[in-house]
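Structural overview for review
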Amino acid sequence: MEVKVTVNGVARRDDVEPRLLLVHYLREVVGLRATNVGCDTSSCGACTVHLDGEAVKSCTVLAVQADGCEVTTLEGLAGDDGSRLHPVQAAFRAEHGLQCGFCTPGMVMAATALLRSNPHPSEREVREGLEGNFCRCTGYHNIVRAVLAAAAAGAEVPE
Amino acid sequence: MIPAPFDYVRPARVEDALRLLAEHGEDAKVLAGGHSLLPIMKLRLAAPALLVDVGRLDALRHIRIEGEDVAIGALTRHADLVSSPVLRAEVPLLPDVAALVGDQQIRNRGTIGGSLVHGDPAADLPAAVLALGATLVLQGPGGERRVAATEFFTGFLQTSTAPDELLVEIRVPRCPDAPWGYQKFVRRANDWAVVAAAAVDGRVALAGMAQTPVRAAATEEALTAGASPAEAAALADRDTSPTADLQASEAYRRHLARLLTRRALGGARGRA
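Residues numbered from 1 in each chain as written. Chains lettered and ligands numbered in written order. Predicted model: local features only at pLDDT ≥ 70, side-chain atom pairs only at ≥ 80, totals over all residues.

The helix and strand inventory of chain A stands at 5 helices and 5 strands. Ordered by position from the N terminus, the helices and strands of chain A form the series β-β-α-β-β-β-α-α-α-α. Relative to the compact-globule value of 15 Å for 159 residues, chain A shows a C-alpha radius of gyration of 15 Å, a close match. For chain A, buried positions account for 50% of its 159 residues. Here the analysis covers contacts within chain A between residues at least 6 apart in sequence; of these, 60% occur between residues at least 24 apart. (Helix = DSSP H or I, 4+ residues; strand = E, 2+ residues; numbered from the N terminus. Rg over C-alpha atoms; globule rule 2.2 N^0.38 Å. Buried ≥ 20, exposed ≤ 12 C-beta atoms within 10 Å, placed from the backbone. Contact = placed C-beta atoms within 7 Å.)

This is the structure in structure tokens:
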């Protein structure tokens, strides 16, 4: 069936099977591969994207459920040509908030949603806000530090 | 993991959804937030021929005071329960419990109606509505019927919802001043409870202690008869039938039920 989805500001129409998951739509139909499939069971958060501005796990959303919605992926944070890092991405780089990098797209998307709803979180609020995102390198310390640094820098968190 | 193929419809009105459910019977499944149904479809434990997506039926998304109850639309998301000032004032247990469901991303999608109809005995909201003495409003081809939460959960992942019925509303008695507590024991951050205990005004419900969420009848009777919370909590696992699994033995679950009930009766909140 046809879905109309605005992905990173670009309106699209695509013909999809109802069973197509949003994460597979983004990776394979749209061709945006920052969003990772990790556990595939809505546990690990590697597939986190924004659906109408809210963080969701795209392995547990059907593409047809996103019909008429706006989706933002990691690629949508960094500006049109990707040359300008989003403040949260810049903080992850400055604070060494990634090791292998597999969880990073989901972490950044969860963190940007967190900062939009709570621009000045405590460390505990950051840890709880990111509880749906696993880092199997166990690099949580610097991830939390990066989110706090982005908040302290007064990171404007535009969509 | 890819679900088996299915047809998909997104009705615009509740009546259209009911008509589709009546036409397709057992072949159809209701899709709301999808956070219980889609995982089991991806595991191919369920393979409905038709998904009826009620996710855009905004008539089922509300939290409002109606007389002695707070009426909660079945499509209200966990995140909406958490942030509701009405619930915070009138039924403070419910936003507190909803904040313990899954994680933020899951709470942005999952709905109270979906969680209740899924009927997982280890889930938070089924135990919460049992302890709150809630009533569930079902709509079907013959009209509306109301089912007490104590009658709603009939077996493992089974409820009294017929294939042609839709859970439309949860009615929770207002209890702004009633003492309450909720204790959830988990081994991992965003996991289901191994055991959880909800206590509201002398009613106690347990998750993880049987094939359905259950009321701790012996504890409630003891409280009514004047027993102390500690004495009553010592009876919490009576007439339950917990199973052993990788997370806990039967004896350990019984221990947790007694311990968490004592803490919940004392007003403790959150993860144990």
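When helices and strands are tallied, chain B shows 12 helices and 14 strands. Relative to its length of 272 residues, chain B is compact, with a C-alpha radius of gyration of 18 Å against a globular reference of 19 Å. Expressed along its principal axes, the backbone C-alpha trace of chain B runs to roughly 55 × 45 × 35 Å. Across the 272 residues that make up chain B, the buried fraction comes to 51%.

So, on to unusual backbone geometry. Residue and element names in this part refer to chain A. You will see that Asp52, though not glycine, has its phi angle at about 50°, which is positive. With respect to the element layout, Asp52 can be found in the loop between strand 3 (48-51) and strand 4 (54-57). Look at Asp52 and you get partly exposed, because 14 C-beta atoms sit within 10 Å.

Time to look at the domain arrangement of chain A. All names here are of chain A. Structurally, chain A comprises domain 1 (2-76) and domain 2 (87-152). Counting residues at the interface gives 14 residues for domain 1 and 11 residues for domain 2. Put simply, the parts of the chain that give the side of domain 1 that touches domain 2 at least two residues each are strand 3 and strand 4. The dominant element in the side of domain 1 that touches domain 2, judged by the number of residues it contributes, is strand 3, at 3 residues. Residues that form the side of domain 1 that touches domain 2 fall into these classes: 7 nonpolar, 6 polar and 1 charged. (Domains from an automatic or database assignment. Nonpolar A, V, L, I, M, F, W, Y, C, P; charged D, E, K, R; others polar.)

Residue and element names in this part refer to chain B. With respect to topology, 5 strands assemble into an open sheet ordered 4-5-10-6-7, the strand pairing being antiparallel. Where the open sheet ends on each side, the last strands, each with one partner, are strand 4 (63-66) and strand 7 (143-148). Neighbouring strand axes in the sheet, compared pairwise and without regard to direction, differ in orientation by 25° on average. Pairing geometry for strand 5 (residues 69-73) and strand 10 (residues 166-173), over 5 bridges, is antiparallel. Residue pairing for strand 10: Ile72 is matched across the bridge by Ile170. (Pairing = 2+ DSSP bridges. Axes fitted to C-alpha atoms, helices over the stretch in contact; angles between N-to-C directions.)

This brings us to the domain arrangement of chain B. All names here are of chain B. Structurally, chain B comprises domain 1 (7-53), domain 2 (58-173) and domain 3 (180-265). When each unit is reduced to the centre of its C-alpha atoms, the spacing between domain 1 and domain 2 is 18 Å. At 5 residues, helix 1 (residues 14-24) tops the list of elements feeding residues into the side of domain 1 that touches domain 2. Split by residue class, the side of domain 1 that touches domain 2 holds 7 nonpolar, 5 polar and 1 charged.

Residue and element names in this part refer to chain A. By the element assignment, Ala78 lies in the loop between strand 5 (70-72) and helix 2 (87-94). The partly exposed category is assigned to Ala78, around which 17 C-beta atoms lie within 10 Å. Sequence separation between Ala78 and Val88 is 10 residues, and the spatial gap between their C-alpha atoms is 9.9 Å. Setting aside residues up to four positions removed in sequence, Ala78 forms contacts with Arg84, Leu85, His86 and Gln89.

Next up on the list: the interface of chain A and chain B. A common way to state how big an interface is: give the accessible area lost once the parts meet. The interface of chain A with chain B comprises 23 residues on the first partner and 23 residues on the second. Considering every element that reaches the side of chain A that touches chain B, the biggest residue donor is strand 4 of chain A, with 4 residues. Taken together, the residues of the side of chain A that touches chain B sort by class into 8 nonpolar, 9 polar and 6 charged.

Residue and element names in this part refer to chain A. Between helix 2 and helix 3 (residues 104-117), the shortest axis-to-axis distance is 10 Å and the interhelical angle comes to 125°. Comparing the axis directions of helix 2 and helix 3 gives the class oblique. When you trace helix 2 past helix 3, the crossing you get is right-handed. Mapping the contact onto sequence places Val88, Gln89 and Phe92 in helix 2 and Thr104, Val108, Ala111, Thr112 and Leu115 in helix 3. For the contact of helix 2 with helix 3, the residue count by class is 5 nonpolar, 3 polar and no charged. (Parallel < 35°, antiparallel > 145°, perpendicular 65-115°, else oblique. Left-handed = near helix turned anticlockwise from the far one by under 90°.)

Core analysis: the largest hydrophobic core is formed by 82 residues, its most contacted members being Val195, Ala198 and Leu206 of chain B. It is helix 8 (residues 124-132) of chain B that contributes the most residues to this core, 7 residues altogether. Within the second largest apolar cluster, 49 residues are counted, among which are Ala46, Val49, Ala55 and Val108 of chain A. (Core = buried A, V, L, I, M, F, W, Y, C linked by C-beta atoms within 7 Å.)

Take the confidence of the model for chain B next. A residue-level look at chain B finds 100% of positions with pLDDT of 70 or above and a mean pLDDT of 97. Here the prediction assigns the complex a pTM of 0.96, and the interface score ipTM is 0.95. (pLDDT = per-residue confidence, 0-100.)

To continue, consider the sheet that holds strand 1 (residues 7-9) of chain B. Residue and element names in this part refer to chain B. Within the open sheet, the 3 strands sit side by side as 1-3-2. Their pairing is parallel. Single-partner strands in this sheet number two, and they are strand 1 and strand 2 (28-31). Across this sheet, the average inter-strand angle for adjacent strands is 25°, counted without regard to direction. The sheet contact formed by strand 2 and strand 3 (residues 50-53) spans 4 bridges and is parallel. Opposite Lys29, over in strand 3, you have Leu51 as the bridge partner. Packed on one face of the sheet, helix 1 meets strand 1, strand 2 and strand 3 and runs near 165° to strand 3.

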